[in-house]
Amino acid sequence: MATSLLRKNVHPLMAAGPSLLSSLRLSLLRSISSSPVRLSAPLSESASEVESDSSPSSSSTNLSPRPGVKILDFYKEEFEIGSRAISFETGKIARFANGAVVISMDDTHVLSTVACAKSGEGARDFLPLTVDYQEKQFAQGVIPTTYMRREGAPKERELLCGRLIDRPIRPLFPPGFYHEVQVTANVLSSDGKHDPDVMAANATSAALMLSDIPWNGPIGVIRVGRIDGKFVFNPTMDELSLSDLNLVYACTKDKTLMIDVQAREITERDLQAGLRLAHPEAVKYIEPQIRLAEKAGKRKREYRLSLISDKSFEKIKSLSESPIEEVFTDPTYGKFERGEALEKIAQTVKAELEEEGDEDGLKYVSKAIDTVRKQVIRRRIIEKGLRVDGRQLDEVRPLYCESGTYPILHGSSLFSRGDTQVLCTVTLGAPGDAQRLDHIVGPPTKRFMLHYSFPPFSINEVAKRGGLNRREVGHGTLAEKALLAVLPPEDDFPYTLRINSEVMASDGSTSMATVCGGSMALMDAGIPVREHVAGVSVGLVSEVDPATGEITDYRILTDILGLEDHSGDMDFKIAGTRKGITAIQLDIKPAGIPLDIICESLEPARTGREHILDRMDQEISTARAMNDGSAPRLATLKFSNDSLRKLIINRKKIEREAGARVSVSDGTVTLVAKTQATMEKALEKIDFLIGRQIEVGKVYKGVVSSIKEYGAFVEFNGGQQGLLHISELSHNPVSKVSDVVSVGQQLSLMCIGQDLRGNLKLSLKAMLPTPKKNLLDSPVHVASQPPQETTISEDVISNSTPPVIIRPAEECDSIANKLLTVKRKSRKASVDVASQHPQETTTSEEIGNLTPPFVVRAVEECDSLANKLLAANKKSPKTSKSSLRTSLRKGNKKDTSKGTVGIAEELAQIMNPADEAPKDEVSSGQMKIGDVMTAKVHQIRAHGLVLELSDGERGMYKFQEDGRKDFEVGEEVDVVLSTFSSKGIPIFKPVD
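Keep in mind that this is a model prediction, so the values were computed, not measured. (Residues numbered from 1 in each chain as written. Predicted model: local features only at pLDDT ≥ 70, side-chain atom pairs only at ≥ 80, totals over all residues. Heavy atoms only, no water.)

**Brief notes about the overall build of the chain**
Rules: Numbering of helices and strands runs from the N terminus; a helix is a DSSP stretch of H or I covering at least four residues, while a strand is a stretch of E covering at least two. Only protein chains enter the accessibility calculation, which uses a 1.4 Å probe; a residue whose area is less than 20% of its type maximum is buried, one above 50% is exposed, and one in between is partly exposed. Residue contacts are defined here by distance: any two heavy atoms, one from each residue, within 4.5 Å place the two residues in contact. Only the protein chains shown count as cover for residues, and the accessible areas themselves come from Shrake-Rupley with a 1.4 Å probe.
Secondary structure summary: the chain contains 25 helices and 37 strands in total. When burial is assessed residue by residue, the chain has 47% of its 992 residues classed as buried. In the chain, of all internal contacts separated by at least 6 residues, the share reaching a separation of at least 24 is 68%. Carbon together with sulfur atoms contributes 50% to the accessible area of the chain, which is approximately 50000 Å² in total.

Have a look at this one:
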């Protein structure tokens, strides 16, 4: 096994030796500009001894510390980028770490430390690099809201920031360096203006430069925004909210390491301009790190590299190269068939090495065969332009698109590209279902979430499922950023959205398949997205000159397979619409790629993206109508502050009884229900408990709270009271309110208006179907057939009740006229009857032979007729109201007094609707609130009048404060019925 001392890519000053470095530090310390800052602090009694500082700066000065005082020498580099003052500082805190740097920008400070294991495991063939990024709440002066009041497992943002640091630094570790390395970044304080993630990446680069860990840095990382067409470097969080571009760019002095983009459909041309502007600005971070390393950096330690010997590698290559090339020559191999064939080759090579007893070869056989496989794939692509599956370099794999895969879901789709397959589902929720974020910067909630899941069965493996996975979180966030650009604004579509992406099979670029499947699922759910978003991954295979490290030849691949991703140099994921790019993620394996090659890759990515968009449009091109199938029922309501307080108190009750979810946010109430019936039930509960604005003609549900003689009071619409008058209980006359309704009964009522005092008038009659008129209610005209008698069966009527004869209207009119002719003595009455039937003469004998009709009257109608007769018979005190009521019910022809209106005349008025009384002569039994009539002043009192109506009924009239008070007894006044007293006495007020 070859052993190598890693000294390449170490700064010349460190390679020159400790003596030259010490003398250089001494000369630097003598200059004022490079002098370290010295801090003194008293020690406790147990640590009274002064620690001697091993740095040259301590020995170069003649300042002797006082007893009990510790001297801290720290170094600081200040510079400016994009009008922001930035500083690197080391030596004050975390002095035991292998490398520790605090980066500052305004009042935001981030500490980054690195540590490395002393030795690596011999069997390891990868770099175990761990990056932990932490945002504790003390950085913004807040106590955590968790039960234990302390931070728990890493949040999604912390995982994403850790990936942002990991991706640019990982390619710069030397090949064969497999020692465990841990990077820890902590936000010490945050002013909320700057995102600490980019600062942490730069501080990590500086810490690695100061440490003794072999690393080919430094790097510079910068964030770029664009506001009104102008690029902004290191934008604040407020500026970033106005920007249509969020670009994070990492690079060395001359090559690109990482790109991360979230944009609102930026064009390829504008993106290239932003990248070319970002590179020189990011390089400004590099020089301060070099200067800081010259002052306080450690000498790079000698590490053993885990590399196979050239002899063993050549032996393995000769045994495996030809069989491997045969496997890749056959394009009919699938992913797993190809993998099985390569595994057989590895087992064959391993068996031969075991026979020869080559321990070195057996130790690295898997890594060596993987290297040979990469060389074969890369050589075929570079020299022949042949890909693993036989496609052209710019060809996209066959596509399969399906929307509405599972109709019961709110939205679903299935997207396949080659062997990669993803199932995406959409779930809608209320605004209150939005994810609450506990970050030190950024918005407090997130209404759109995309959760990506990569189960082991998707690659035919067995593995244990754990918690949050860094890879799953990163892929899901990339697809989330890509789709966020086409979602409708929150004001137009305030609902919460969740997309679940379940990877069914993986053979490269499942994150871009998630973008395509998620876009179709959104349209299937009826979300009004502007247009489709598609994504494709672009790869790179290059040849490098070993002497200079420069790329001599390369090929760009569109829609890479998993094997091409593993064997290539770059995984460039680009998502967007036809108008532009919405998200980018660039990850590379070599120590940097020229920016020109990256910009060149944007064009084949655009071509592949448009090809995928065409296929997606064929499946579904516009959003479906919401609620046309299984989508949830959503309703948004607005309430006043008082109503909102009632709703918050009763929210749990509504959710429990109705089965819907109630969300309250910023004065807006959102209901989410699975079915329309559940939604209607929830709305009824809210109407009853909270109420809405009353509208005439709308139906409300209420509960009868009390019953009076003249009607019932109903509580509805969140505690409001309305009057259900006795006349509005039924289409038929009602004698007693309690016969129809009872206290506590729930009714559906229609609001028919308000009286002049603002009292609400309700109607139950308006909710009932209009009954069909029978022979007693309306005249029956029979022209061709003679009147026929219909007898009601005796099982309906009791034995003591005589048969009821129902006569047609013509016969009733004839009887009434004959009765009037006999009864009335005045000539005028006789003339009227004769004029109606000029050819008809009637004698008393004929009248006696006629069968009197059996008239069925309601109690109210009898009371009304009795009141009229009593008013007309004041001179006959012997006639009582009860006797008249009895006479009316039996249909007798009793005359109360001479010249008054008898029962026969009343019957004539009922049978002939044309003979109606004047409108102002309204009886008390027929009065309704709001009726206008003329009454006479019967009595004048101190605070009002006693009025007499045309039927002799009396009512009260209260003087108005600024109204007329000079009335006279007997004077006629126009009044309107405003309400009834508790005893049923009508109360009037003047007509406006």
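**Focus on the sheet that holds strand S18 (residues 496-505)**
Put simply, the test is: DSSP-based pairing: two strands are paired if at least 2 bridges between them are found. Axis lines are fitted to C-alpha atoms, over the contacting stretch for helices. Their N-to-C directions set the angle, which ranges from 0 to 180 degrees.
If you trace the five strands from one edge of the open sheet to the other, you get S12-S13-S14-S18-S17, paired in mixed fashion. Each edge of the sheet is formed by a strand with only one pairing partner; in this case those strands are strand S12 (399-403) and strand S17 (448-453). When the angles between neighbouring strand axes are averaged without regard to direction, this sheet yields 15°. Sheet strands touched by helix H14 (residues 510-524): S12, strand S13 (411-417), strand S14 (420-429), S17 and S18. Its angle to S13, the strand with the most contacts, is close to 145°.

**Examining the pairing of strand S26 (residues 699-708)**
Here S26 runs beside strand S29 (residues 746-754); their pairing, made up of five bridges, is antiparallel. Looking at the pairing, Gly-702 lines up with Leu-747 of S29. Of the pairings in the sheet, the one linking S26 to strand S27 (residues 711-716) comprises six bridges and is antiparallel in character. Bridge pairing in S27 links Ile-707 to Ala-712. Connecting the antiparallel pair S26 and S27 is a turn made up of two residues.

**Concerning unusual backbone geometry**
Residues Gly-217 and Pro-218 are joined by a peptide bond in cis, for which omega reads 5°. Within the secondary structure, Pro-218 sits in the loop between helix H5 (196-210) and strand S8 (220-227). Phi is positive for Asp-228, close to 55°, though the residue is something other than glycine. Structurally, Asp-228 can be placed in the loop between S8 and strand S9 (230-233). Overall, the relative accessible area of 77% leaves Asp-228 in the exposed class. The backbone of Asp-559 sits at a positive phi, close to 60°, despite the residue not being glycine. Residue class for Asp-559 comes out buried when judged on its relative accessible area of 0%.

**Topic: the sheet that holds S9**
Spatial ordering of the open sheet is given by S9-S8-S10-S11-S22-S21-S19-S20, a layout of eight strands whose pairing is antiparallel. Each edge of the open sheet carries a strand with a single partner, namely S9 and strand S20 (551-558). Strand-to-strand twist of the sheet, defined as the mean angle between neighbouring strand axes without regard to direction, takes the value 20°. Alignment of strand S10 (residues 245-251) against strand S11 (residues 256-266), held across seven bridges, turns out to be antiparallel. Within S11, the position partnered with Val-248 by the bridge is Asp-260.

**So, the packing of H14 against helix H17 (residues 602-619)**
Operational definition: Reported orientations rely on four angle classes, namely roughly parallel under 35 degrees, roughly antiparallel over 145, roughly perpendicular from 65 to 115, and oblique for the rest. With the far helix as reference, a near helix turned anticlockwise by less than a right angle produces a left-handed crossing, and one turned clockwise produces a right-handed crossing. Amino acids are sorted into nonpolar (Ala, Val, Leu, Ile, Met, Phe, Trp, Tyr, Cys and Pro), charged (Asp, Glu, Lys and Arg) and polar (every other residue, Gly among them).
Here H14 crosses H17 at 30°, and the two axes come no closer than 11 Å. Of the possible angle classes, the one that applies to H14 and H17 is roughly parallel. As H14 packs across H17, the resulting crossing turns out to be right-handed. On H17, the residues touching Cys-516, Ser-519 and Met-520 of H14 are Ile-612, Met-616 and Glu-619. Among the residues forming the contact of H14 with H17, the class breakdown is four nonpolar, one polar and one charged.

**Looking at empty space enclosed by the protein**
Heads up, the condition is: In this analysis a 1.4 Å probe is tested at points of a 1 Å grid over the protein atoms alone, and where it fits but cannot get out there is a cavity; an open set with protein on both sides within 12 Å along at least five of seven lines is a pocket; lining residues have an atom within 4 Å of a point. Grid points are joined across faces, edges and corners, and a volume is the space filled by probe spheres set on the points.
Throughout the structure, instances matching the rule amount to five cavities of 30 Å³ or more. What the largest cavity holds in volume is close to 90 Å³. Lining the largest cavity are Met-105, His-194, Asp-195, Val-198, Met-199, Arg-223, Asn-234, Pro-235, Met-237 and Leu-240. Of all elements in the fold, only H5 and helix H6 (237-242) reach the threshold of two or more residues within the lining of the largest cavity. Across the lining of the largest cavity, the residue classes break down as six nonpolar, two polar and two charged.

**Quick word on helix H12 (residues 365-384)**
Threshold: Working rule for helices: expected span equals 1.5 Å times residues minus one.
The end-to-end C-alpha distance of H12 is 28 Å, a good match for the 28 Å that 20 residues give at a rise of 1.5 Å each. Burial in H12 covers these residues: Val-365, Ala-368, Ile-369, Asp-370, Val-372, Arg-373, Val-376, Ile-377, Arg-378, Arg-380, Ile-381 and Ile-382. On the buried face of H12, the contacting elements are helix H9 (310-329), helix H10 (335-356), helix H11 (359-363), strand S19 (534-544), S20 and helix H15 (562-567). Once H12 ends, the next one or two residues include Gly-385, with phi positive near 70°.

**What about the pattern of salt bridges?**
Here is the rule: The term salt bridge refers to a side-chain nitrogen of Lys or Arg lying within 4 Å of a carboxyl oxygen of Asp or Glu.
The tally for this structure, following the rule as stated, stands at 49 salt bridges. Residue Arg-167 pairs with Asp-260 through a salt bridge whose shortest N-O separation is 3.2 Å. One end of the pair, Arg-167, is in helix H4 (residues 156-169); the other, Asp-260, is in strand S11, with 93 residues separating them in the sequence. Taking relative accessible area as the criterion, Asp-260 reaches 10% and is therefore assigned buried. A salt bridge links Arg-391 to Glu-564; the nearest nitrogen and oxygen atoms lie 4.0 Å apart. Highlighted residues: Arg-391 in the loop between H12 and S12 and Glu-564 in helix H15, separated in sequence by 173 residues. Residue classification places Glu-564 among the buried residues on the basis of a relative accessible area of 3%. Three or more residues joined by partner-sharing salt bridges are found here, namely Arg-387, Asp-389, Arg-391, Arg-397, Arg-417, Asp-559 and Glu-564.

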